[in-house]
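# Notes for the structure review
Here are the chains, one letter per residue:
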Amino acid sequence: MAYAAFRSIGAYAPSKILTNEELSAMVDTSDDWITKRTGIKERRIAAKDETTSDMGVKAALKALERSGIEKSEIDMVICATISPDYFCMPSTAAIIATKLGIKNATAFDISAACTGFVYILSIAKAFIESGMKRNILIIGAEKLSAITDYTDRGTCILFGDGAGAAVISATEDKDEAIIDVHTGADGEYADLLMTPNGGSGSAHDALEGEAAGCFMQMKGNETFKVAVRTLTKDVVDILATNNIASSEIKHFVPHQANYRIIKAVGDALELKEEQVVLTVHKYGNTSGASIPMAINEIYENGKLLKGELMLLDAFGGGLTWGSALVPFSPLK
Ligand code: COA
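Residues numbered from 1 in each chain as written. Predicted model: local features only at pLDDT ≥ 70, side-chain atom pairs only at ≥ 80, totals over all residues. Heavy atoms only, no water.

### Let's talk about the site of the ligand
In the vicinity of the ligand lie 23 residues, with T29, R37, R153, N221 and N258 positioned nearest. Between a nitrogen atom of the ligand and a side-chain N or O atom of T29, the distance comes to 2.7 Å. At 2.7 Å, a side-chain N or O of R37 approaches an oxygen atom of the ligand. Calculation on the ligand without its partners gives an accessible area of 950 Å², and the protein chains cover 72% of this total. Contributing elements (two or more residues each) for the shell around the ligand: α2 (31-38), α6 (153-156), α7 (220-241), α8 (259-268) and β12 (309-316). Of the residues forming the shell around the ligand, the biggest block, four residues, is contributed by α7. When the residues that make up the shell around the ligand are grouped by side-chain class, the tally is nine nonpolar, ten polar and four charged. (Near = heavy atom within 4 Å. Polar contact = N/O pair within 3.5 Å; in protein donor to acceptor, adjacent residues only side chain to side chain. Areas by Shrake-Rupley, 256 points an atom, 1.4 Å probe, with all protein chains shown as cover. Helix = DSSP H or I, 4+ residues; strand = E, 2+ residues; numbered from the N terminus. Nonpolar A, V, L, I, M, F, W, Y, C, P; charged D, E, K, R; others polar.)

Here it is, written out as C-alpha coordinates:
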(Lines give C-alpha, C1' and ligand atoms only; values in the text may rest on other atoms or scores of the structure.)
Protein backbone atom coordinates (compact mmCIF):
# COMPACT_ATOMS: atom_id res chain seq x y z
CA MET A 1 0.00 0.00 0.00
CA ALA A 2 1.15 3.55 -0.72
CA TYR A 3 1.28 5.98 2.19
CA ALA A 4 1.43 9.78 1.94
CA ALA A 5 4.58 11.55 3.19
CA PHE A 6 5.03 15.26 3.94
CA ARG A 7 8.25 15.95 2.00
CA SER A 8 8.89 19.68 2.01
CA ILE A 9 7.67 23.13 2.93
CA GLY A 10 7.99 26.61 1.43
CA ALA A 11 6.42 30.00 2.06
CA TYR A 12 6.31 33.55 0.87
CA ALA A 13 5.39 36.77 2.69
CA PRO A 14 5.05 40.08 0.82
CA SER A 15 7.62 42.70 1.85
CA LYS A 16 5.16 45.47 2.78
CA ILE A 17 4.49 45.50 6.54
CA LEU A 18 1.33 47.02 8.02
CA THR A 19 1.92 47.76 11.70
CA ASN A 20 -0.57 48.24 14.53
CA GLU A 21 0.51 51.88 14.70
CA GLU A 22 -0.36 52.37 11.02
CA LEU A 23 -3.77 50.72 11.56
CA SER A 24 -4.38 53.03 14.51
CA ALA A 25 -4.23 55.94 12.07
CA MET A 26 -6.85 54.24 9.86
CA VAL A 27 -9.46 53.10 12.44
CA ASP A 28 -10.20 53.75 16.13
CA THR A 29 -7.82 51.24 17.71
CA SER A 30 -4.37 51.09 19.29
CA ASP A 31 -1.25 48.94 19.33
CA ASP A 32 -1.94 48.17 22.98
CA TRP A 33 -5.52 46.95 22.32
CA ILE A 34 -4.55 44.81 19.33
CA THR A 35 -1.54 43.30 21.09
CA LYS A 36 -3.48 42.46 24.26
CA ARG A 37 -6.53 40.98 22.49
CA THR A 38 -4.78 39.15 19.66
CA GLY A 39 -0.99 39.04 20.04
CA ILE A 40 -0.66 40.55 16.56
CA LYS A 41 1.95 43.30 16.10
CA GLU A 42 2.06 43.48 12.30
CA ARG A 43 0.92 41.75 9.14
CA ARG A 44 2.07 41.64 5.49
CA ILE A 45 0.19 43.26 2.61
CA ALA A 46 0.62 42.21 -1.03
CA ALA A 47 1.39 44.80 -3.69
CA LYS A 48 -1.61 46.07 -5.65
CA ASP A 49 -0.64 44.06 -8.72
CA GLU A 50 0.47 40.98 -6.76
CA THR A 51 -2.10 38.20 -6.94
CA THR A 52 -2.83 35.19 -4.77
CA SER A 53 -1.38 32.95 -7.48
CA ASP A 54 1.82 35.06 -7.64
CA MET A 55 2.35 34.45 -3.93
CA GLY A 56 1.39 30.78 -4.26
CA VAL A 57 3.97 30.33 -7.02
CA LYS A 58 6.75 31.80 -4.87
CA ALA A 59 5.91 29.50 -1.95
CA ALA A 60 5.54 26.50 -4.29
CA LEU A 61 8.93 27.07 -5.95
CA LYS A 62 10.63 26.80 -2.56
CA ALA A 63 8.65 23.69 -1.59
CA LEU A 64 9.45 22.04 -4.93
CA GLU A 65 13.15 22.90 -4.76
CA ARG A 66 13.37 21.43 -1.23
CA SER A 67 11.37 18.32 -2.08
CA GLY A 68 13.76 16.51 -4.40
CA ILE A 69 10.81 15.90 -6.70
CA GLU A 70 10.77 17.28 -10.24
CA LYS A 71 7.99 19.56 -11.44
CA SER A 72 7.33 17.04 -14.20
CA GLU A 73 6.50 14.43 -11.54
CA ILE A 74 3.74 16.52 -9.92
CA ASP A 75 0.40 15.01 -10.89
CA MET A 76 -1.96 17.15 -8.81
CA VAL A 77 -2.02 20.78 -7.61
CA ILE A 78 -4.52 21.86 -4.97
CA CYS A 79 -4.91 25.39 -3.67
CA ALA A 80 -6.78 26.36 -0.50
CA THR A 81 -7.91 29.97 -0.72
CA ILE A 82 -10.80 32.29 0.05
CA SER A 83 -9.20 35.10 -1.94
CA PRO A 84 -8.64 33.50 -5.36
CA ASP A 85 -7.32 35.47 -8.33
CA TYR A 86 -10.82 35.24 -9.80
CA PHE A 87 -14.03 34.32 -8.04
CA CYS A 88 -15.65 31.26 -9.67
CA MET A 89 -13.11 30.51 -12.40
CA PRO A 90 -10.43 29.80 -13.40
CA SER A 91 -9.10 28.14 -10.28
CA THR A 92 -6.03 29.66 -8.66
CA ALA A 93 -4.49 26.17 -8.63
CA ALA A 94 -4.69 25.95 -12.44
CA ILE A 95 -3.06 29.38 -12.74
CA ILE A 96 -0.31 28.40 -10.28
CA ALA A 97 0.35 25.13 -12.13
CA THR A 98 0.70 26.96 -15.43
CA LYS A 99 2.96 29.67 -13.99
CA LEU A 100 5.16 26.88 -12.58
CA GLY A 101 5.26 25.04 -15.91
CA ILE A 102 3.44 22.01 -14.51
CA LYS A 103 1.58 20.38 -17.39
CA ASN A 104 -1.31 17.96 -17.44
CA ALA A 105 -1.76 17.81 -13.67
CA THR A 106 -5.18 17.81 -12.03
CA ALA A 107 -5.63 21.29 -10.51
CA PHE A 108 -8.41 22.72 -8.38
CA ASP A 109 -9.17 25.02 -5.45
CA ILE A 110 -11.04 24.27 -2.28
CA SER A 111 -12.91 26.65 0.00
CA ALA A 112 -12.57 25.81 3.69
CA ALA A 113 -11.29 29.20 4.88
CA CYS A 114 -8.67 28.98 7.63
CA THR A 115 -8.93 25.18 7.74
CA GLY A 116 -8.06 25.03 4.04
CA PHE A 117 -4.54 23.67 4.44
CA VAL A 118 -5.67 20.78 6.65
CA TYR A 119 -8.42 20.01 4.13
CA ILE A 120 -6.00 19.86 1.18
CA LEU A 121 -3.64 17.73 3.23
CA SER A 122 -6.47 15.23 3.75
CA ILE A 123 -7.33 15.28 0.03
CA ALA A 124 -3.68 14.72 -0.93
CA LYS A 125 -3.39 11.86 1.56
CA ALA A 126 -6.52 10.18 0.21
CA PHE A 127 -5.49 10.47 -3.45
CA ILE A 128 -2.05 9.04 -2.72
CA GLU A 129 -3.29 6.21 -0.52
CA SER A 130 -5.85 5.25 -3.17
CA GLY A 131 -3.04 4.97 -5.72
CA MET A 132 -4.59 7.56 -8.03
CA LYS A 133 -1.78 10.13 -7.62
CA ARG A 134 1.85 9.98 -6.44
CA ASN A 135 3.16 13.55 -6.06
CA ILE A 136 0.88 16.36 -4.99
CA LEU A 137 1.66 20.04 -4.57
CA ILE A 138 -0.59 21.66 -1.98
CA ILE A 139 -0.74 25.43 -1.52
CA GLY A 140 -2.48 27.74 0.93
CA ALA A 141 -2.41 31.27 -0.50
CA GLU A 142 -4.32 34.37 0.47
CA LYS A 143 -4.58 38.01 -0.49
CA LEU A 144 -6.95 38.77 2.38
CA SER A 145 -6.23 42.50 2.04
CA ALA A 146 -8.40 42.31 -1.11
CA ILE A 147 -11.44 41.18 0.91
CA THR A 148 -10.81 43.16 4.11
CA ASP A 149 -12.84 46.24 5.00
CA TYR A 150 -10.25 48.73 6.28
CA THR A 151 -12.99 50.80 7.92
CA ASP A 152 -14.05 47.89 10.19
CA ARG A 153 -11.80 47.74 13.26
CA GLY A 154 -13.32 44.41 14.27
CA THR A 155 -11.74 42.62 11.31
CA CYS A 156 -9.03 44.74 9.64
CA ILE A 157 -6.65 44.37 12.58
CA LEU A 158 -6.58 40.59 12.21
CA PHE A 159 -5.82 39.67 8.63
CA GLY A 160 -2.75 39.61 6.38
CA ASP A 161 -1.43 38.22 3.10
CA GLY A 162 0.94 35.38 2.28
CA ALA A 163 1.33 31.85 0.98
CA GLY A 164 2.70 28.47 2.00
CA ALA A 165 3.15 25.24 0.06
CA ALA A 166 4.12 21.63 0.64
CA VAL A 167 4.88 18.58 -1.48
CA ILE A 168 3.17 15.36 -0.44
CA SER A 169 4.34 12.18 -2.11
CA ALA A 170 3.89 8.43 -2.03
CA THR A 171 6.03 6.20 0.16
CA GLU A 172 6.04 2.52 1.06
CA ASP A 173 7.61 3.31 4.44
CA LYS A 174 4.89 3.56 7.08
CA ASP A 175 7.19 5.47 9.45
CA GLU A 176 7.24 8.35 6.95
CA ALA A 177 3.48 8.47 6.56
CA ILE A 178 1.03 11.17 7.59
CA ILE A 179 -0.62 9.43 10.54
CA ASP A 180 -4.12 10.90 10.46
CA VAL A 181 -6.16 13.90 9.33
CA HIS A 182 -9.55 14.84 10.83
CA THR A 183 -11.81 17.42 9.17
CA GLY A 184 -15.33 18.65 9.83
CA ALA A 185 -17.80 21.45 9.12
CA ASP A 186 -21.02 22.93 10.47
CA GLY A 187 -22.95 25.43 8.35
CA GLU A 188 -25.16 26.28 11.34
CA TYR A 189 -22.46 28.77 12.27
CA ALA A 190 -22.09 30.20 8.76
CA ASP A 191 -23.00 33.72 9.83
CA LEU A 192 -20.14 34.03 12.33
CA LEU A 193 -17.62 34.64 9.58
CA MET A 194 -18.64 35.34 6.02
CA THR A 195 -18.36 37.45 2.87
CA PRO A 196 -22.08 38.15 2.40
CA ASN A 197 -21.92 39.94 -0.95
CA GLY A 198 -21.14 38.85 -4.45
CA GLY A 199 -22.48 35.30 -4.59
CA SER A 200 -25.79 33.72 -5.55
CA GLY A 201 -26.90 33.94 -1.91
CA SER A 202 -26.29 37.66 -1.89
CA ALA A 203 -29.07 40.21 -1.51
CA HIS A 204 -27.22 42.27 -4.10
CA ASP A 205 -26.64 41.71 -7.78
CA ALA A 206 -23.17 40.20 -7.92
CA LEU A 207 -22.08 42.62 -10.61
CA GLU A 208 -23.61 45.72 -9.05
CA GLY A 209 -20.90 48.30 -8.27
CA GLU A 210 -20.03 48.61 -4.60
CA ALA A 211 -22.33 45.75 -3.65
CA ALA A 212 -19.99 43.40 -5.49
CA GLY A 213 -17.40 44.03 -2.73
CA CYS A 214 -16.71 40.74 -1.00
CA PHE A 215 -15.50 42.05 2.35
CA MET A 216 -15.30 39.71 5.32
CA GLN A 217 -17.72 40.23 8.20
CA MET A 218 -17.25 38.55 11.54
CA LYS A 219 -18.91 38.12 14.92
CA GLY A 220 -15.55 38.14 16.66
CA ASN A 221 -16.50 37.36 20.22
CA GLU A 222 -18.75 34.40 19.34
CA THR A 223 -16.16 33.15 16.87
CA PHE A 224 -13.55 33.27 19.61
CA LYS A 225 -15.56 31.04 21.94
CA VAL A 226 -16.47 28.48 19.29
CA ALA A 227 -12.84 28.47 18.12
CA VAL A 228 -11.43 27.59 21.53
CA ARG A 229 -14.05 24.88 22.08
CA THR A 230 -13.73 23.31 18.64
CA LEU A 231 -9.94 23.48 18.38
CA THR A 232 -9.47 21.89 21.79
CA LYS A 233 -11.94 19.06 21.12
CA ASP A 234 -10.33 18.49 17.75
CA VAL A 235 -6.81 17.93 19.02
CA VAL A 236 -7.90 15.92 22.04
CA ASP A 237 -9.85 13.62 19.67
CA ILE A 238 -7.06 13.08 17.14
CA LEU A 239 -4.48 12.36 19.85
CA ALA A 240 -6.82 9.90 21.61
CA THR A 241 -7.80 8.15 18.34
CA ASN A 242 -4.14 7.56 17.57
CA ASN A 243 -3.07 6.81 21.13
CA ILE A 244 -0.49 9.60 21.10
CA ALA A 245 0.32 11.72 24.18
CA SER A 246 0.65 15.48 23.79
CA SER A 247 4.21 15.18 25.14
CA GLU A 248 5.11 13.19 21.99
CA ILE A 249 4.31 16.21 19.79
CA LYS A 250 7.46 18.05 18.81
CA HIS A 251 5.69 20.95 17.09
CA PHE A 252 2.10 22.02 17.70
CA VAL A 253 1.27 24.17 14.65
CA PRO A 254 -2.11 25.82 15.20
CA HIS A 255 -3.88 28.14 12.79
CA GLN A 256 -2.49 31.58 13.66
CA ALA A 257 -5.66 33.56 14.37
CA ASN A 258 -5.19 34.93 17.86
CA TYR A 259 -2.56 34.32 20.54
CA ARG A 260 -5.21 33.93 23.23
CA ILE A 261 -6.95 31.15 21.28
CA ILE A 262 -3.61 29.37 20.71
CA LYS A 263 -2.68 29.72 24.39
CA ALA A 264 -6.05 28.33 25.56
CA VAL A 265 -5.71 25.26 23.33
CA GLY A 266 -2.02 24.77 24.25
CA ASP A 267 -2.89 24.95 27.96
CA ALA A 268 -5.75 22.48 27.57
CA LEU A 269 -3.26 20.02 26.06
CA GLU A 270 -0.65 20.87 28.73
CA LEU A 271 1.84 21.72 26.01
CA LYS A 272 5.13 23.37 26.89
CA GLU A 273 5.92 26.75 25.36
CA GLU A 274 8.67 25.29 23.17
CA GLN A 275 6.18 22.88 21.55
CA VAL A 276 3.91 25.67 20.29
CA VAL A 277 4.74 27.37 16.98
CA LEU A 278 3.83 31.07 16.91
CA THR A 279 3.91 33.46 13.97
CA VAL A 280 0.70 35.39 14.66
CA HIS A 281 2.66 38.41 15.97
CA LYS A 282 4.36 38.99 12.61
CA TYR A 283 1.87 37.76 10.00
CA GLY A 284 -1.55 38.03 11.67
CA ASN A 285 -4.23 35.68 10.36
CA THR A 286 -3.43 34.57 6.79
CA SER A 287 -6.26 32.01 6.67
CA GLY A 288 -5.35 29.03 4.45
CA ALA A 289 -1.72 30.16 4.34
CA SER A 290 -1.20 30.41 8.08
CA ILE A 291 -0.27 26.81 8.93
CA PRO A 292 2.22 26.27 6.07
CA MET A 293 3.76 29.70 6.74
CA ALA A 294 4.21 28.66 10.38
CA ILE A 295 5.72 25.29 9.41
CA ASN A 296 8.10 27.11 7.06
CA GLU A 297 9.16 29.37 9.92
CA ILE A 298 10.41 26.46 12.04
CA TYR A 299 11.95 24.81 8.97
CA GLU A 300 13.93 27.91 8.01
CA ASN A 301 15.02 28.39 11.62
CA GLY A 302 16.49 24.88 11.57
CA LYS A 303 13.97 23.67 14.16
CA LEU A 304 12.07 21.15 12.01
CA LEU A 305 14.05 17.95 11.60
CA LYS A 306 13.43 14.67 9.81
CA GLY A 307 11.05 12.38 11.69
CA GLU A 308 9.73 15.03 14.07
CA LEU A 309 6.01 14.87 14.73
CA MET A 310 3.81 17.91 14.02
CA LEU A 311 0.24 18.35 15.24
CA LEU A 312 -1.70 20.76 13.01
CA ASP A 313 -4.96 22.30 14.18
CA ALA A 314 -7.21 24.75 12.36
CA PHE A 315 -10.56 26.43 12.52
CA GLY A 316 -12.30 28.84 10.16
CA GLY A 317 -15.30 30.18 8.30
CA GLY A 318 -17.94 27.68 7.28
CA LEU A 319 -17.53 26.82 10.06
CA THR A 320 -14.80 24.32 9.34
CA TRP A 321 -12.21 22.62 11.51
CA GLY A 322 -9.47 20.07 11.17
CA SER A 323 -6.38 18.57 12.73
CA ALA A 324 -3.55 16.39 11.49
CA LEU A 325 -0.69 14.28 12.85
CA VAL A 326 2.21 14.68 10.44
CA PRO A 327 5.80 13.49 10.72
CA PHE A 328 8.26 15.57 8.68
CA SER A 329 9.64 13.19 6.06
CA PRO A 330 12.01 15.00 3.67
CA LEU A 331 13.72 13.07 0.89
CA LYS A 332 16.86 15.17 1.22
N1 COA B 1 -9.75 48.33 18.74
C2 COA B 1 -10.33 48.82 19.85
N3 COA B 1 -11.51 48.41 20.31
C4 COA B 1 -12.14 47.44 19.62
C5 COA B 1 -11.60 46.88 18.45
C6 COA B 1 -10.35 47.38 18.01
N7 COA B 1 -9.75 46.90 16.91
N8 COA B 1 -12.44 45.94 17.98
C9 COA B 1 -13.48 45.90 18.82
N10 COA B 1 -13.31 46.81 19.82
C11 COA B 1 -14.18 47.10 20.94
C12 COA B 1 -15.63 46.71 20.69
O13 COA B 1 -16.31 47.72 19.99
C14 COA B 1 -16.13 46.53 22.11
O15 COA B 1 -16.41 47.81 22.65
P16 COA B 1 -17.62 48.01 23.68
O17 COA B 1 -17.28 47.16 24.87
O18 COA B 1 -17.59 49.48 23.94
O19 COA B 1 -18.85 47.54 22.96
C20 COA B 1 -14.92 45.97 22.86
O21 COA B 1 -13.77 46.32 22.06
C22 COA B 1 -14.97 44.48 23.07
O23 COA B 1 -15.34 43.87 21.83
P24 COA B 1 -15.30 42.32 21.62
O25 COA B 1 -15.69 42.02 20.20
O26 COA B 1 -16.06 41.66 22.72
O27 COA B 1 -13.73 42.05 21.84
P28 COA B 1 -12.97 40.69 21.99
O29 COA B 1 -12.25 40.61 23.24
O30 COA B 1 -13.85 39.53 21.63
O31 COA B 1 -11.83 40.83 20.85
C32 COA B 1 -11.43 39.99 18.66
C33 COA B 1 -12.21 40.98 19.50
C34 COA B 1 -11.91 40.11 17.22
C35 COA B 1 -9.95 40.32 18.76
C36 COA B 1 -11.69 38.56 19.21
O37 COA B 1 -13.06 38.37 19.41
C38 COA B 1 -11.18 37.49 18.31
O39 COA B 1 -9.99 37.38 18.05
N40 COA B 1 -12.10 36.62 17.85
C41 COA B 1 -11.74 35.52 17.02
C42 COA B 1 -11.59 36.00 15.65
C43 COA B 1 -10.95 34.98 14.77
O44 COA B 1 -10.04 34.32 15.18
N45 COA B 1 -11.44 34.92 13.56
C46 COA B 1 -10.90 34.08 12.58
C47 COA B 1 -11.25 32.67 12.81
S48 COA B 1 -10.34 31.74 11.72
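### Brief notes about the environment of A227
Mapped onto the elements of the fold, A227 is located in helix α7. By relative accessible area, A227 is classed as buried at 2%. It is 31 Å that separates the C-alpha atoms of A227 and Y3, two residues lying 224 residues apart in sequence. Once residues within four sequence positions are removed from consideration, A227 is found in contact with I261 and F315. (Buried < 20%, exposed > 50% of the residue type's maximum accessible area, 1.4 Å probe, protein only. Contact = heavy atoms within 4.5 Å.)

### Some thoughts on the nonpolar core
With 36 residues, the main nonpolar core has F6, L121, I138, I168, I295 and L312 as its most contacted residues. Those elements giving two or more residues to this core turn out to be β1 (3-12), β4 (76-80), α5 (116-130), β6 (135-143), β7 (161-171), α10 (290-300), β12 and β13 (320-327). Tallying contributions element by element places α5 first for this core, with seven residues. Once you skip the residues sitting within four places of it in the chain, L312 turns out to touch F117, V118, L121, V253, I291, I295, G322, S323, A324 and V326. (Core = buried A, V, L, I, M, F, W, Y, C linked by side-chain atoms within 4.5 Å.)

### Some remarks on the sheet that holds β7
Through backbone hydrogen bonds, the strands of a sheet pair up, either in parallel or in antiparallel fashion. A sheet is described by the order of its strands in space; here five strands give the open sequence β1-β7-β6-β4-β5, paired in mixed fashion. The strands lining the two open edges of the sheet, one partner per strand, are β1 and β5 (106-110). Neighbour to neighbour, the strand axes of the sheet diverge by 20° on average, direction disregarded. Contacting β1, β6 and β7, helix α3 (residues 52-67) runs over the sheet at an angle of about 125° to β1. Of the strands in this sheet, β1, β4, β5, β6 and β7 are in contact with α5, which crosses β6 at around 165°. (Pairing = 2+ DSSP bridges. Axes fitted to C-alpha atoms, helices over the stretch in contact; angles between N-to-C directions.)

### A few points about the environment of P196
Take P196: it is sitting in the loop between β9 (193-194) and β10 (217-218). Judged by its relative accessible area of 26%, P196 falls in the partly exposed class. Along the chain, P196 and M26 lie 170 residues apart, while their C-alpha atoms are 23 Å from each other.

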